[in-house]
Amino acid sequence: RSSSWSESFCCSICLDLLKDPVTIPCGHSYCMSCIKDCWDGEEHKENYSCLQCRQTFTQRPVLVKNTIIVELLEEIKKMGLQAAPPDLCYAGPGDVACDFCSGRKLKALKSCLVCLASYCEQHLQPHYNAAPFKKHKLVEATVKLQENICSRHDEVMKIFCRTDQQCICYLCSMDEHKGHHTVSAAAERTERQEELGLSRQKIQQRIQDTEKDVKVLQQEVEAISRSADKAVEDSEEIFTELIHLVEKRRSDVKQQIRSQQEEEVSRAEEVQEKLKQEIAELRRKDTELEQLSHTQDHIHFLQNYPSLSCLSESTHSPSANIRPLSYFEGVTAAVSELRDKLQELLSEEWSKISLTETGVDVLLSQPKPKTRGEFLQYSCHITPDPNTANTQLSLSEWNREVKFMAEKQSYPSHPDRFTDWSQVLSRENLTGRCYWEVVWRGRVFIAVSYQDISRTGDWTACGFGHNDKSWSLDCYNNNCDFRHNNIITKIPLPVSSRVGVYLDHRAGILSFYSVSETMTLLHRVQTTFTQPLHAGLGIYGIGASAVC
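Residues numbered from 1 in each chain as written. Predicted model: local features only at pLDDT ≥ 70, side-chain atom pairs only at ≥ 80, totals over all residues. Heavy atoms only, no water.

### Notes on the overall build of the protein chain
- For the protein chain, the helix and strand inventory stands at 11 helices and 21 strands.
- Taking all 548 residues of the protein chain together, the buried fraction comes to 29%.
- Within the protein chain, counting contacts between residues at least 6 apart in sequence, those at least 24 apart form 53% of the total. (Helix = DSSP H or I, 4+ residues; strand = E, 2+ residues; numbered from the N terminus. Buried < 20%, exposed > 50% of the residue type's maximum accessible area, 1.4 Å probe, protein only. Contact = heavy atoms within 4.5 Å.)

### Here we look at the pattern of salt bridges
- Considering all chains together, one arrives at 25 salt bridges under this definition.
- A salt bridge links Arg284 to Glu281; the nearest nitrogen and oxygen atoms lie 2.1 Å apart. With Arg284 and Glu281 both in helix α6 (residues 185-293) and 3 residues apart, this pair spans about one turn of that helix.
- A relative accessible area of 37% places Arg284 in the partly exposed class.
- Salt-bridge contacts for Asp474 lead to Arg443; the nearest nitrogen and oxygen are separated by 2.5 Å. (Salt bridge = Lys/Arg side-chain N within 4 Å of Asp/Glu carboxyl O.)

### Re the pairing of strand β17 (residues 487-491)
- When strand β16 (residues 479-484) meets β17, the two strands line up antiparallel, connected through 5 bridges. Looking at β17, one finds that Cys480 is bridged to Ile491.
- The hairpin formed by β16 and β17 contains 2 residues between the paired strands, and Asn485 there has a positive phi angle of roughly 55°. (Pairing = 2+ DSSP bridges.)

### Considerations on the sheet that holds strand β6 (residues 117-119)
- Read from one edge to the other, the open sheet built from 3 strands follows the order β6-β5-β7, with strand pairing classed as antiparallel. Edge positions in the sheet fall to β6 and β7 (138-140), since each of these pairs with one other strand and no more. The average angle at which neighbouring strand axes cross in this sheet is 35°, direction not considered.
- Of the strands in this sheet, β5 (110-112), β6 and β7 are in contact with helix α4 (residues 121-129), which crosses β6 at around 110°. (Axes fitted to C-alpha atoms, helices over the stretch in contact; angles between N-to-C directions.)

### Quick look at a negative patch on the surface
- Taken together, the side chains of Asp229, Glu233, Glu237 and Glu241 define an acidic patch exposed on the protein surface.
- Here Glu233 shows up in helix α6. (Patch = residues over 30% accessible without salt bridge, like charges linked within 9 Å, V, L, I, M, F, W, Y side chains within 5 Å. Areas by Shrake-Rupley, 256 points an atom, 1.4 Å probe, with all protein chains shown as cover. Lys, Arg positive; Asp, Glu negative; His and termini not counted. Charge placed at Lys NZ, Arg CZ, Asp CG, Glu CD.)

In structure tokens:
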């Protein structure tokens with residue numbers, strides 16, 4: 001009785017008897033300092049709330065000392081009553097409350113899966129002391145006990161139905177689960193616990209393997225960086241040598257032109273000087289001849305004319321010694337031709353450099369799959385799309401099997417449907433690493449294709465493997481051919497009725513395998529895929545079919 005009295009006058013914040021008690025508008029009381037400290041931390045909020053009933057106040061209530069509670073507390077002290085033990089922990093929001101506490105509930109310590117109730121430390125004692133309770137299953141306090149109750153019969157579920165893979169109560173086992181394979185929940189838990197252990201082992205092994213891969217990839221990143229730095233350094237050195245070589249040749253050509261220019265100009269100026277002297281001599285003789293022509297003395301004319309009229313031969317032949325003005329155009333043409341050849345050579349070599357696989361796919365550091373089990377790690381679900389299926393093709397109920405039919409199927413009109421060839425594409429976009437298998441009969445084209453392949457037109461526009469938008473393995477009898485861009489590659493190996501297709505979209509690898517006890521490679525493609533791919537099937541002739 002005294003305990004309940006003392007609890008009634010305890011502050012719900014400090015859990016001790018009220019000191020300077022104040023009562024807020026909702027009627028709950030607190031220590032003056034406790035509620036002030038609490039609300040002082042909420043001054044940035046627009047309202048204040050009671051910690052017990054959660055009632056909010058838009059304005060901070062004025063805290064006035066409750067004299068009545070003060071007087072009652074004085075009386076309690078005189079009667080020798082003590083405050084509730086300080087270690088009592090009351091259940092707050094989000095806590096699991098004791099189902100057996102009356103009044104203000106303490107926080108539950110354990111929950112019983114048999115009683116389907118939660119207990120504080122005091123009410124839990126019978127489960128430790130009384131024999132009938134010692135066999136009960138205690139767990140950490142939880143609010144999810146209701147999940148153990150059958151919603152139909154309101155009974156505890158202690159049985160597991162393996163037929164329907166669900167927990168049931170004993171009434172369910174005699175009703176709708178009658179005749180099913182049932183075991184106790186504990187037995188199923190034991191078996192699943194073993195599976196859990198195996199799953200954890202697999203996960204831990206995967207973690208170890210992945211950590212190794214991370215380490216390998218880190219080493220590869222470092223190796224890539226070192227290789228790139230070395231390539232840049234070597235390329236810079238080589239290009240510097242090329243630049244120096246071109247500069248040297250430019251200097252040589254320039255020097256050769258200037259030297260030739262100086263030689264030719266010197267020769268021309270020398271001839272020019274001789275010609276000028278010859279002109280001066282001729283003009284002098286012309287003047288003397290003109291003067292002689294005007295003399296009146298016949299004897300003087302006759303005696304001097306022979307010597308004046310005799311001309312010396314020219315020492316220079318202009319037509320033989322003067323070069324044409326286009327003398328250096330040949331050099332310009334030669335340098336221009338050299339430039340064109342160099343440009344062509346650089347373009348050709350640069351194309352080789354660009355096509356070199358410099359974009360390293362670090363995922364290739366992982367080992368390539370070899371066994372069927374390793375390929376199946378990349379297994380993907382392939383579903384033929386009914387909207388693309390030609391009307392000669394029939395799809396099974398789950399769209400897994402495709403058959404060629406003599407009579408056309410009544411499919412609705414659709415822009416994605418193949419109209420001229422009995423082909424179908426998958427719904428799935430294929431990117432990354434993918435593997436799937438096709439069991440075929442008759443004549444079947446097992447293909448991958450871009451989504452934008454033509455749906456109407458001739459064989460080269462639509463047929464799998466007959467254009468640059470698709471790659472196909474043409475299977476017939478026990479033989480097969482590979483087709484791409486209308487080029488056929490004969491494959492000498494026999495093919496089984498099960499073909500595996502492995503695609504590494506990023507690395508540009510497409511491989512076809514004959515699947516039996518071993519994986520036999522039929523054909524591999526190394527290219528660059530520019531779009532996501534879809535799996536494709538082309539089926540021709542009565543009795544031909546394929547299952548993905």
